[in-house]
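What the coordinates show
Residues per chain, in single letters:
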Amino acid sequence: MEQFNIKVLHSKLIPEIIRKDIVSLCNRAYEKDMQPILETFVDATHVLGYYNDLLVCHALWVTRYLQAGTNPMMRTAYVEAVATDAPYRRRGFASAIMKYTIREVQDHELAALSPFSVEYYERLGWERWSGPLFIRTKEDKLMPCLDDEEVMIYRLSQTPILDLNAPLSAEWREGELW
Ligand SMILES: CC(C)(COP(=O)(O)OP(=O)(O)OC[C@H]1O[C@@H](n2cnc3c(N)ncnc32)[C@H](O)[C@@H]1OP(=O)(O)O)[C@@H](O)C(=O)NCCC(=O)NCCS
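Just so it is clear, the structure is predicted and the values come from calculations on it, not from any experiment.

Some thoughts on the overall build of the chain
Secondary structure assignment for the chain yields 4 helices and 10 strands. Reading the secondary structure of the chain in the N-to-C direction produces β-α-α-β-β-β-α-β-α-β-β-β-β-β. At 16 Å, the chain has a C-alpha radius of gyration in line with the 16 Å of a compact globule built from 178 residues. When the backbone C-alpha atoms are referred to their principal axes, the chain occupies close to 50 × 30 × 30 Å. When each of the 178 residues of the chain is scored for burial, the buried share is 30%. Long-range pairs, those at least 24 residues apart, make up 69% of the contacts in the chain with a sequence separation of at least 6.

Shown next, in the form of structure tokens:
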């Protein structure tokens, strides 16, 4: 019987053969070499979607610390590298992976991501952050982000009351800042 199964694996425990499968799936989906960016996510948790034992869908999350205005930092599951292999798209696999991810990150205070399409994630319950975006530099300064940068959040059971119009900052990181 055809079936879709989801597995969760921490990056430190991923066998080399699966790591290669993830990189090649992401390369095909994004039509570019994703290895350099994937390598920046050293402490990532991967969510792997298998269709008949074939890896066809992927997402990962890393923990970041987001801050709305001057509120306390929120331990945030930041989702990256959402990808479904082209022949397996429009079957709800990425949606299933995203819903599964939300269940898995309930020990965080927030989930967030930088969307390819706001509409896609809105359908799954994500909300667009309307306030200005900043990156906290190593010197603890706030660096404004470009206007075309977009961030969406998902409220988890531990998410505090949020004003989506407030400034939102994340710590600086290597690779893509948001
Ligand atoms: C985006 C992606 C992960 C969706 O995977 P999927 O398994 O097909 O997703 P689902 O089946 O859950 O949802 C499919 C829906 O997403 C919509 N969708 C796909 N790409 C879209 C886009 N660029 N903009 C808006 N909606 C999009 C489809 O129209 C479809 O909706 P419909 O069936 O009602 O028409 C996949 O198309 C992909 O890997 N794309 C390339 C990589 C990428 O852009 N990743 C996202 C980075 S945040």
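Things to note about helix α1 (residues 16-30)
Here α1 contains 15 residues, and its C-alpha end-to-end distance of 21 Å stays within 8% of the 21 Å for a straight helix at 1.5 Å per residue. Three or more residues of α1 are buried, namely I22, L25, C26 and A29. Along the axis of α1, the buried positions cluster into a sector of 95°, meaning they face one direction only. Seen from the open side of α1, the exposed residues pointing more than 90 degrees away from its buried face are E16, I17 and K20. Turning to α1, the residues buried within the fold contact α2 (35-40), β2 (45-51), β3 (54-68) and β4 (74-84). Just downstream of α1 lies E31, where phi reads positive at about 55°.

Notes on the site of the ligand
The ligand sits among 18 residues. The nearest are T84, R89, A94, S95 and S117. Elements with a contribution of two residues or more to the shell around the ligand: α1, β4, α3 (93-104) and α4 (118-122). Of the residues that constitute the shell around the ligand, the class distribution is 10 nonpolar, 4 polar and 4 charged.

Considerations on the nonpolar core
A112 and I153 are the most contacted members of the largest nonpolar core, which totals 42 residues. Those elements that place two or more of their residues in this core are α1, β2, β3, β4, α3, β5 (110-113), β9 (152-154) and β10 (168-171). The residues contacting A112, other than those within four sequence positions of it, are L66, T76, Y78, V151, M152 and I153.

Here we look at unusual backbone geometry
Backbone geometry at E31 places phi at a positive 55°, although glycine is not the residue there. Tracing the backbone through its elements, the reader meets E31 in the loop between α1 and α2. Not every positive phi belongs to a glycine, and N52 is a case in point at roughly 50°. Tracing the backbone shows N52 in the loop between β2 and β3.

Remarks on α3
The terminal C-alpha atoms of α3, which comprises 12 residues, lie 16 Å apart, in line with the 16 Å expected from a rise of 1.5 Å per residue. If you check which residues of α3 are buried, you get F93, A94, I97, M98 and T101. On an axial view of α3, the arc spanned by its buried residues comes to 135°, and they lie on one face. Packed against the buried residues of α3 are β1 (4-10), β2, β3 and β4.

Reading the values: the criteria
Residues numbered from 1 in each chain as written. Predicted model: local features only at pLDDT ≥ 70, side-chain atom pairs only at ≥ 80, totals over all residues. Helix = DSSP H or I, 4+ residues; strand = E, 2+ residues; numbered from the N terminus. Rg over C-alpha atoms; globule rule 2.2 N^0.38 Å. Buried ≥ 20, exposed ≤ 12 C-beta atoms within 10 Å, placed from the backbone. Contact = placed C-beta atoms within 7 Å. Expected span 1.5 Å × (residues − 1). Arc of directions from axis to C-beta. Near = placed C-beta within 6 Å. Nonpolar A, V, L, I, M, F, W, Y, C, P; charged D, E, K, R; others polar. Core = buried A, V, L, I, M, F, W, Y, C linked by C-beta atoms within 7 Å.

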